[in-house]
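Coordinates in review
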Amino acid sequence: MTSTEQLSKRDDIAGHPQGLVTLASTELWERLSFYGLQVILAYYIYYAVTDGGLGLSRSDALAIIGAYGGGVYLTQPLGAWLADRVFPVRYVVLVSGGLVMAGHITIAIAPQLTGLLLGLGLIALGTGGLFPNVIAMMGQLYEDKPLKRDSGFSIFYTGIMIGALAGPLVTGFLQVRFGFHVAFSAAAVGMAIGLLIYTLRWITLPKSAGSVPNPLTNRGKMKALIIFSLAIVVCTLLVKTSIVTLANVNVTILTAIAIVSIACFIVMLKSRATDRVERQKVYAFIPVYIAAIIFWVMVLQLFTTFAVYADTRVDLNLGFMTIPAAYISTFQVVAGILAGPFLAAGWQKMGVKQPSTVTKMALGLTVMAVAYAIFSIIPVWYDNLVGLLPVILGMVIFGIAEVIFAPITFSAATQLAPRAFYSQMASLSGLVIGAGASLSGFVGQLYDASYESMFFAVVALCVLATALMLFVLRSWLQRCGLE
């Protein structure tokens, strides 16, 4: 047996497949580059030209970022479709990672606004092909290890959170010291490292990643090309005729996410490649999908409601130092990074006694409701600005809730995916984040300090009701195949 064959067969982390290290490392570096760009992107757009920026307005900056964020998630069904119907998933991920790296390089070296828009387009396309297909390969790794699936996804998600923490720290420092373009170049280097790890450990990927599960016929390829071309024409006309503007782009993106999501479900349910048992699994994913949207709306309040809350309602003094308002969310990320490995180890140690996937999701929602309940009672303890310590406690609980729920959603998608639409089901896990990001902006507009206790209490009750919905549906979901 060759050394590469030994590597592909040997378990690495407490019985987990070697491919877990490959995929978690790849996604860690991709998230590092993604969030590294995200944290300085608004500044680059609205800072004055003399400060290294483009000199656009803040409203334009937020609109561009919103469209970019939605575009990242809207391209995921396309990337998943390519892996399900045209190219083997391992090659789609490799090429997509190259597009992400090319996008960062373009922003770093190409002229001003043209370079920015072209680079963001490349990153959106690349991320759309990379993220859902990495999730799909994670599911394929655990097809014969179902009891370790949730544990593996928890480890995988810890890698995501490490990247989400490290990226802003690296690019934020470089932007201040050396300027925007050096920081953008660092994001490209991060993706390059991820691709290097991916190619060096290629042999550890699942064998099924080398084939196309539901290949198109020649007629199907021609039909797909026509539809794709028409979609480009329609999008171009919507922009050129000013039907879609910076003012309504968020509503447009949310509408598009809803249409694409419904279309994905219809395609899977109506396809002849989906058998009766798989069709029941697709139906079972619908309440999971709804619950996931609600969860991400609440998590992503970190960047809307809690951004305002930290800036206007919190006493940021902690002993001899003052915490920047932007650092409040880092407590959530750090808590998630620390809690993730413990959860993974706990699920694995429990083995057959571990809670079901549905119960874990309901637990994550319940913990999130507790966090919001804490924020609803904090004002009772303070007359003016609220103290930093209870806010940090709430952020820590947020982080724990995220690492309980989010990786289990990815796991659920792979458990319920039809064989012919494995990557497409995984892409829906990305679309829920896009929908959550868009809706979080609308929910954030409802927040006001004059009635914040009621606001947070109502949110907590909504999250708790969602957890109750999953618990009520638990038996049916398990009969449909959700372990």
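Residues numbered from 1 in each chain as written. Predicted model: local features only at pLDDT ≥ 70, side-chain atom pairs only at ≥ 80, totals over all residues. Heavy atoms only, no water.

This next bit is on the overall build of the protein. Tallying secondary structure elements over the protein gives 18 helices and four strands in all. Relative to the globule expectation of 23 Å for 483 residues, the C-alpha radius of gyration of the protein, 22 Å, shows essentially globular dimensions. With respect to the three principal axes, the spread of C-alpha positions in the protein is 65 × 55 × 45 Å. Classification of the 483 residues of the protein by burial places 52% in the buried group. In the protein, the proportion of contacts linking residues at least 24 apart, taken out of those at least 6 apart, comes to 82%. For the protein, the exposed surface amounts to about 21000 Å²; the carbon and sulfur share of it is 70%. Charge-centre separation for the protein: the mean point of 28 positive side chains lies 13 Å from the mean point of 20 negative side chains. (Helix = DSSP H or I, 4+ residues; strand = E, 2+ residues; numbered from the N terminus. Rg over C-alpha atoms; globule rule 2.2 N^0.38 Å. Buried < 20%, exposed > 50% of the residue type's maximum accessible area, 1.4 Å probe, protein only. Contact = heavy atoms within 4.5 Å. Areas by Shrake-Rupley, 256 points an atom, 1.4 Å probe, with all protein chains shown as cover. Lys, Arg positive; Asp, Glu negative; His and termini not counted. Charge placed at Lys NZ, Arg CZ, Asp CG, Glu CD.)

This part is about the confidence of the model for the protein. Looking at the protein as a whole, its pLDDT mean stands at 85, while 95% of the residues score no less than 70. Confidence drops under a pLDDT of 50 for residues 1-9, and excluding neighbours within four residues, the segment shows seven contacts in the predicted structure. (pLDDT = per-residue confidence, 0-100.)

Before going further, it helps to examine the nonpolar core. Among the nonpolar cores identified, the biggest contains 115 residues, and F156 and Y309 are the most heavily contacted of them. Setting aside chain neighbours within four positions, we find Y309 in contact with V314, F375, I378, V386, V391, Y447, E452 and F456. One finds I40, Y44, Y68 and F180 within the second-largest nonpolar core, a separate group that totals 24 residues. (Core = buried A, V, L, I, M, F, W, Y, C linked by side-chain atoms within 4.5 Å.)

Another aspect to go through is the environment of S261. Considering the arrangement of structural elements, one finds S261 in helix α10 (residues 249-270). Separated by 171 residues in the primary sequence, S261 and V432 have C-alpha atoms spaced 8.9 Å apart. Every residue in contact with S261, bar those within four places of it in the chain, is listed here: Y289, L428 and L431.

Between its first and last C-alpha, helix α17 (residues 452-472) extends 30 Å over 21 residues, near the 30 Å set by a 1.5 Å rise per residue. Buried residues belonging to α17 abut α11 (276-299), α12 (305-312), α14 (357-381), α16 (422-444) and α18 (474-479). (Expected span 1.5 Å × (residues − 1).)

On to the packing of aromatic side chains. Under the defined criterion, the tally for this structure stands at 29 aromatic pairs. Over the ring of F34 we find R31, and its NZ or CZ is 4.3 Å from the ring centre. (Phe/Tyr/Trp six-rings, centres within 6.5 Å; stacked < 30°, edge-to-face > 60°. Lys NZ or Arg CZ within 6 Å of the ring centre and 35° of its normal.)

In this fold, F184 is placed in helix α8 (residues 180-200). For F184, a relative accessible area of 2% puts it in the buried group. C-alpha of F184 to C-alpha of F303: the two residues are 119 residues apart in sequence and 22 Å apart in space. Aside from chain neighbours lying at most four places away, what touches F184 is L37, I40, Y44, H104, I107 and A108.

According to the stated counting rule, one finds five salt bridges in the structure shown. One salt bridge connects R31 with E27, and the closest N-O pair in it is separated by 3.4 Å. Of this pair, R31 and E27 both sit in helix α2 (residues 18-46), four residues apart, which is roughly one turn of the helix. Of the two residues, R31 and E27, neither departs from the other in class, the shared state being buried. The residue R31 makes a salt bridge to E30 at a minimum N-O spacing of 2.7 Å. Across this residue pair, the class does not change: R31 and E30 are buried. Connected through shared salt-bridge partners, E27, E30 and R31 make up one network. (Salt bridge = Lys/Arg side-chain N within 4 Å of Asp/Glu carboxyl O.)

What follows covers the packing of α11 against α17. One can describe the packing of α11 onto α17 by two numbers: an axis separation of 10 Å at closest approach and a directional angle of 160°. Our classification of the angle between α11 and α17 gives roughly antiparallel. Seen along the crossing, α11 lies across α17 with a hand that is left-handed. Residue-level contacts link P287, A291, I294 and M298 of α11 to V459, V463, T466, M469 and L470 of α17. The residue makeup of the contact of α11 with α17, split by class, is eight nonpolar, one polar and no charged. (Axes fitted to C-alpha atoms, helices over the stretch in contact; angles between N-to-C directions. Parallel < 35°, antiparallel > 145°, perpendicular 65-115°, else oblique. Left-handed = near helix turned anticlockwise from the far one by under 90°. Nonpolar A, V, L, I, M, F, W, Y, C, P; charged D, E, K, R; others polar.)

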